[in-house]
Amino acid sequence: MAARIKPPVLASAACAAALVPLVLAAYGLGPVERLDASLLLRTSAHAGPAATTFAEAVAHLADPLPLLAMILLVCGLGVALGRRPEAVAAAGVVVGANLTTQMLKVVLAHPREAPLGIWSTSFPSGHETAAASIAIALVLVAPPRWRAAAALAGGGFAALVAVSVVALEWHYPSDVLGAVLVAACWGFAAMAVLRGWRSLRSGPGAGVGLSSPAAWPSRRSSRAPGGWPASHG
């Protein structure tokens, strides 16, 4: 069991640990700050009126009410497919990731110059956390045969929201990356919990049933040394 749980646990811890150097670099490392601002300005500079309208529509899909509708839909899909534990884990990822982001915004509040004024609570991006957590939730509830399509759809949605919030000058790219790390941290943690739950449910003797050779009675034990059936009377 431990061998199956260890990889996602380590991945979750790595995502959490990666937030520390990212914050330090985005808040106080000159070259990173300049790159952050440059990427923001380049992305927003290419957003014309039509692109801006599209970006606003996409970004607002990650607002609280649409997010609630999407998680209900994803969890309902999981229950309909008979994947209740995965549906619970999906809900946990979305709730946990978004609450974590809101807490980090307060804890990591720091004045940062932005094209439209001064930002202090932009890290991590709440909109991108919502989009990335929904993408992970969709992958969790999807059966194996649908998982690639779910990852493509969810990843595409998260990518569109990421580009949109930067193009609209709502967030620096580092804010978006921080949001992805938060969501991924919760996603890997959920994967570890699901693997542990499956291992506990199956038990050490799982897989040994009537069709397993290990469960067959030995023919030699039912016969006398000469090959004749043993007497039981």
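Residues numbered from 1 in each chain as written. Predicted model: local features only at pLDDT ≥ 70, side-chain atom pairs only at ≥ 80, totals over all residues. Heavy atoms only, no water.

What follows covers the packing of aromatic side chains. Evaluation of the coordinates by the stated rule reveals 2 aromatic pairs. Relative to Phe123, the ring of Tyr27 has its centre 6.1 Å away and its plane inclined at 70 degrees; by these criteria the two rings are edge-to-face. In this pair, Tyr27 is assigned in helix α1 (residues 2-28) and Phe123 in the loop between β2 (117-119) and α6 (126-141), connecting sequence segments 96 residues apart. Taking relative accessible area as the criterion, Tyr27 reaches 14% and is therefore assigned buried. When its relative accessible area of 0% is taken as the criterion, Phe123 is described as buried. Residues Trp119 and Tyr172 carry aromatic rings whose centres are separated by 5.2 Å and whose planes lie at 80 degrees to one another, so their mutual orientation is edge-to-face. (Phe/Tyr/Trp six-rings, centres within 6.5 Å; stacked < 30°, edge-to-face > 60°. Helix = DSSP H or I, 4+ residues; strand = E, 2+ residues; numbered from the N terminus. Buried < 20%, exposed > 50% of the residue type's maximum accessible area, 1.4 Å probe, protein only.)

We now examine α6. Its 16 residues give α6 an end-to-end C-alpha distance of 23 Å, which sits within 8% of 22 Å, the value for a rise of 1.5 Å per residue. With 13 of its 16 residues buried, α6 lies for the most part within the structure. N-capping of α6 is provided by Ser125, with a side-chain oxygen placed 3.5 Å from the backbone N of His127. (Expected span 1.5 Å × (residues − 1). Polar contact = N/O pair within 3.5 Å; in protein donor to acceptor, adjacent residues only side chain to side chain.)

Our focus in this paragraph is the side chain of Arg83. Examined against the element boundaries, Arg83 turns out to sit in the loop between α4 (64-80) and α5 (84-107). By relative accessible area, Arg83 is classed as buried at 14%. Setting aside residues no more than four positions away along its own chain, Arg83 makes contact with Gly78, Leu140, Val141, Ala142, Pro143, Pro144 and Arg147. (Contact = heavy atoms within 4.5 Å.)

Counted according to the given criterion, the structure contains 4 salt bridges. Arg198 is the partner of Glu86 in a salt bridge, and the nearest nitrogen-oxygen pair spans 2.8 Å. Linking Glu86 in helix α5 with Arg198 in helix α8 (residues 173-202), this pair joins segments that are 112 residues apart in sequence. Residue Arg198 is classed as partly exposed on the basis of its relative accessible area of 35%. With a shortest N-O distance of 2.7 Å, Asp175 and Arg112 are connected by a salt bridge. Taken together, the residues span a long stretch of sequence, with Asp175 in helix α8 and Arg112 in strand β1 (residues 112-114) at a distance of 63 residues. Each of the two residues, Asp175 as well as Arg112, counts as buried. The network of salt bridges with common partners includes Asp36, Arg112 and Asp175. (Salt bridge = Lys/Arg side-chain N within 4 Å of Asp/Glu carboxyl O.)

Next up on the list: the confidence of the model for the chain. Of all residues in the chain, 86% attain a pLDDT of 70 or more, and the chain-wide mean is 87. Looking over the chain, one finds the lowest element-wise mean pLDDT in β2, namely 78, and the highest in α6, namely 98. Considering only residues more than four positions removed or in separate chains, one finds that residues 205-233, a stretch of pLDDT under 50, has 14 contacts. (pLDDT = per-residue confidence, 0-100.)

In this section: unusual backbone geometry. Between Phe123 and Pro124 the backbone carries a cis peptide bond, its omega angle lying at -10 degrees. Position of Pro124 among the secondary structure elements: in the loop between β2 and α6.

On to the environment of Ser164, then. You can see Ser164 is positioned in helix α7 (residues 147-167). For Ser164, a relative accessible area of 4% translates into the label buried. Put simply, Ser164 and Ala59 are 105 residues apart on the chain and 6.0 Å apart in space, counted from C-alpha to C-alpha. When sequence neighbours within four positions are dropped, the list of residues in contact with Ser164 reads Ala55, Val58 and Ala59.

A word on the nonpolar core. Burial of nonpolar side chains together is a common tendency in soluble globular proteins. Of all hydrophobic cores here, the largest spans 28 residues; its most connected members are Ile71, Val94, Ala137, Val161 and Val165. Put simply, the parts of the chain that give this core at least two residues each are α3 (49-59), α4, α5, α6 and α7. If one sorts the elements of this core by residue count, α7 sits on top with 6 residues. Discounting residues that sit within four places of it in the chain, Val161 has contacts with Val58, Ala62, His127, Glu128 and Ala131. Cys15, Tyr27, Leu104 and Cys185 belong to the second-largest nonpolar core, a separate cluster that totals 13 residues. (Core = buried A, V, L, I, M, F, W, Y, C linked by side-chain atoms within 4.5 Å.)

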